[in-house]
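# Residue-level structure breakdown
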Amino acid sequence: MADLISNVSTIITNFLTWFTTVSSSLIANPMIALMFGLGIALLMYKLVVRLVGKASFRSSRRRR
């Protein structure tokens, strides 16, 4: 049982090391960072437009 836990912890450690390396490489690349930033900006824009649309009073005038 101790060997199994040791092997699982080794696999998790190796995966986290790989993930850290890949993440650092992607963050260091300015083109990837720009695309990621544009994606976040687009999501925030859509959220704001949706919230402003729901807060609009135009929809209450259409009801009869």
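Residues numbered from 1 in each chain as written. Predicted model: local features only at pLDDT ≥ 70, side-chain atom pairs only at ≥ 80, totals over all residues. Heavy atoms only, no water.

## Structural notes on the overall build of the protein
Which entries qualify depends on this criterion: Only runs of H or I of at least four residues qualify as helices and only runs of E of at least two qualify as strands under DSSP, and these elements are numbered from the N terminus. Accessible area is worked out with a 1.4 Å probe on protein chains only. A residue is then buried under 20% of its type maximum, exposed over 50%, and partly exposed in between. To be clear on the numbers: accessible area is Shrake-Rupley with a 1.4 Å probe, and residue cover counts the displayed protein chains and nothing else.
Counting its regular elements, the protein contains 3 helices and 0 strands. In the protein, the succession of helices and strands from N to C terminus is α-α-α. Here the protein, with 64 residues, has 0% of them falling under the buried criterion. Accessible surface computed for the protein: about 6,300 Å², of which carbon and sulfur atoms make up 71%.

## Quick notes on the packing of aromatic side chains
Rules: Classification of ring pairs rests on two measures: the distance between centres of Phe, Tyr or Trp rings, Trp counted by its six-membered ring, which must be within 6.5 Å, and the angle between planes, read as stacked under 30 degrees, edge-to-face over 60 and tilted in between.
Under the criterion given, the structure shown has 2 aromatic pairs. Geometrically, the ring pair formed by Phe-15 and Phe-19 is stacked, given 6.3 Å between the ring centres and 25° between the ring planes. Taken together, the residues Phe-15 and Phe-19, both in helix H1 (residues 2-28) and 4 residues apart, mark about one turn of the helix. Of the aromatic side chains, those joined through ring pairs into one cluster are Phe-15, Trp-18 and Phe-19.

Any link to function would need more than the numbers given here.
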